[in-house]
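Below are the chains, spelled out letter by letter.
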Amino acid sequence: MGPSNLMIGITAAACAAAVQAEPATVEFRYAPRVGDEMCHRLVMNSVGTLSFAPNAPGTRFTQSTTQETAGKCRQVDPDGSTVFDMKLTRIATRMNTPGMKVDYDSRTFDPEKTDNVAVRMFGRFYSGLVGSELTITFNPQGSPVKVSGMRQAIEKALGPLKKELAHEPMGLVIAPFIDNLAAAFDDSMLDDQLKSFYRFVPTGEGPIPVGKTWNADWDMELPFLKTTCRATGQYELLGVETVRGRPCAKIGIKESFTMNTDPGQKARTGTRPSPGLARLFEKMDMSLSASHGEGVAYWDYEKGLLVRLRQTQRIAMTLRFNPKDIVAMTAPAAETAPAGEQGTQTFTQNLTSSIQVDLLEGEEGEPATRETSGTLKEQ
């Protein structure tokens, strides 16, 4: 055997050994320690069309939102459950819809550099959320079971808006939507959203073989609506890979959801006093569904930590409503809708949405700093 053939043989043997070294099973653990940090960046991108006429081509819109969070483990209980203090360190969004273009970053936003009232309110709200602190409790398996602090954060962010709207001519129109926004978000809803990033992790004890599949079914809250969405998920352990120096389980994801038509399946939000916007939605005929929710997650199975997630989904929504109901909500004294706005109208939205989650470490995980220059744009 010549030198070249010898090197080929050694390389082949090394590759074969590496393949054989990949674990055939994975045991999912959750073992954080007090002081451990957990910083993530979440990026949500949407592109689709809006239409106010049946079978119309619609108007194109795009939106991208980035959120960065920094968490630290404060408490580890004897049973293995933990308590994390979580802070929202950055929000950035770019939105291009008919009549408005927004380019916002909480690090650079300056409300004095825009004359557009709606855009300024948008920026003030998100800037008010930055720095908000939440408390998240995880069970011994590493799934979130309780979130507190979200409602207070929303109310804190909305406070400055209400004061400013009191001096704006359009304040009477926007104020009801502001009140309903505060009523729509609470700790239980954030808990549901957070669970979506942990639901694909298999439950139970013992090693999981590569190739194993498992399913999940759950109900999702819908803000303002007295119903839920019924969701289903199919998952598969595809293998083991090293990502950012961490041993990770590679998990395949397929998820979908549709509105729950069972009147007995009411959302928790339905138990609270129904605000104005909720009453408006109650008068609407609405359909909502999502399909092709496919993606891949990389999970540090030794620490119980999400390292990377990539997922896309197609969402379709249809609303049928009478414009006079909107007029009645925004101007209660009005008895009838303006001329030409009688009768039922249809609004449709079709979009493709993607979610990217990345673990931030080192300098990446440092809280974002605030600057004074602003970058809000509108058209």
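Everything numeric in this text was worked out from a predicted model, so none of it was measured. (Residues numbered from 1 in each chain as written. Predicted model: local features only at pLDDT ≥ 70, side-chain atom pairs only at ≥ 80, totals over all residues. Heavy atoms only, no water.)

It is worth spelling out the overall build of the protein at this point. Secondary structure summary: the protein contains seven helices and 14 strands in total. Here the protein holds 379 residues, and 44% of them are scored as buried. Taking contacts inside the protein between residues at least 6 apart in sequence as the whole, the part at least 24 apart equals 69%. Split by element, the accessible area of the protein, about 20200 Å² in all, is 53% carbon and sulfur. (Helix = DSSP H or I, 4+ residues; strand = E, 2+ residues; numbered from the N terminus. Buried < 20%, exposed > 50% of the residue type's maximum accessible area, 1.4 Å probe, protein only. Contact = heavy atoms within 4.5 Å. Areas by Shrake-Rupley, 256 points an atom, 1.4 Å probe, with all protein chains shown as cover.)

Glancing now at helix H3 (residues 150-165). A rise of 1.5 Å per residue sets the reference length of H3, with its 16 residues, at 22 Å; its end C-alpha atoms lie 23 Å apart and thus fit the reference within 8%. If you check which residues of H3 are buried, you get Met-150, Ala-153, Ile-154, Ala-157, Leu-158, Leu-161, Glu-164 and Leu-165. (Expected span 1.5 Å × (residues − 1).)

Right, let's get into the pattern of salt bridges. Within this structure, the stated rule accounts for 17 salt bridges. Residues joined by salt bridges that share partners form a network here, namely Arg-41, Glu-68, Arg-90, Asp-105 and Arg-107. (Salt bridge = Lys/Arg side-chain N within 4 Å of Asp/Glu carboxyl O.)

Right, let's get into the nonpolar core. One finds Phe-28, Leu-129, Phe-200, Ile-251 and Trp-299 to be the most contacted residues of the largest nonpolar core, which totals 74 residues. Setting aside its immediate chain neighbours within four residues, Ile-251 contacts Phe-28, Phe-200, Trp-214, Tyr-235, Glu-236, Leu-237, Leu-238, Gly-295, Val-296, Ala-297 and Trp-299. (Core = buried A, V, L, I, M, F, W, Y, C linked by side-chain atoms within 4.5 Å.)

The next subject is the pairing of strand S2 (residues 37-51). Both S2 and strand S3 (residues 59-76) contribute to a ladder of 14 bridges, which runs antiparallel. Across the sheet, residue Thr-49 finds its bridge partner in S3, namely Arg-60. Both S2 and strand S14 (residues 345-360) contribute to a ladder of 13 bridges, which runs antiparallel. Residue pairing across strands places Val-47 opposite Thr-352, the latter belonging to S14. (Pairing = 2+ DSSP bridges.)

Here we come to the packing of aromatic side chains. Enumeration over the complete set of coordinates arrives at nine aromatic pairs. Note on Tyr-30 and Phe-138: the rings are 6.3 Å apart at their centroids and 40° apart in plane angle, and the pair reads as tilted. Residue Tyr-30 is found in the loop between strand S1 (25-26) and S2, and its partner Phe-138 is found in strand S6 (residues 133-138); the two are separated by 108 residues along the sequence. For the pair Tyr-30 and Phe-138, one class covers both residues: buried. By the ring-pair criterion, three or more aromatic residues cluster together here, those being Tyr-30, Phe-84, Phe-138, Tyr-198, Phe-200 and Trp-299. It is Arg-199 that lies over the ring of Trp-218; its NZ or CZ is 4.0 Å from the centre. For the cation-ring pair, Arg-308 lies above Tyr-298, with the distance from its terminal atom to the ring centre recorded as 5.9 Å. (Phe/Tyr/Trp six-rings, centres within 6.5 Å; stacked < 30°, edge-to-face > 60°. Lys NZ or Arg CZ within 6 Å of the ring centre and 35° of its normal.)

When you line up the elements, Ser-81 lands in the loop between S3 and strand S4 (82-97). Looking at Ser-81, its side chain comes within polar contact range of the side chain of Asp-79, at 2.7 Å. (Polar contact = N/O pair within 3.5 Å; in protein donor to acceptor, adjacent residues only side chain to side chain.)

Glancing now at the confidence of the model for the protein. Residues with a pLDDT of 70 or more make up 69% of the protein, whose mean pLDDT is 77. Across the protein, the secondary-structure element scoring lowest on mean pLDDT is helix H1 (residues 3-21), at 45, and the one scoring highest is S6, at 94. Scored below 50 in pLDDT, residues 269-274 makes 11 contacts in the model with residues more than four places away or belonging to other chains. Here residues 367-379 scores under 50 on pLDDT; set against residues more than four positions off or in separate chains, the count is 43 contacts. (pLDDT = per-residue confidence, 0-100.)

On to unusual backbone geometry, then. Negative phi values dominate among residues other than glycine, just as trans dominates among peptide bonds. Notably, Arg-244 is not glycine yet its phi reads approximately 55°, a positive angle. As for its position among the elements, Arg-244 is in the loop between strand S10 (228-243) and strand S11 (246-259).

Here we come to the pairing of strand S13 (residues 305-321). Bridge analysis of strand S12 (residues 285-300) against S13 gives 14 bridges, and the strand direction is antiparallel. Note on S13: the bridge partner recorded for Ser-291 is Arg-314. Joining the antiparallel neighbours S12 and S13 is a turn of four residues, in which Gly-304 adopts a positive phi near 75°. Here 14 bridges tie S13 to S14, and the two strands are oriented antiparallel to one another. Note that in S14 the partner of Thr-318 across the bridge is Thr-348.

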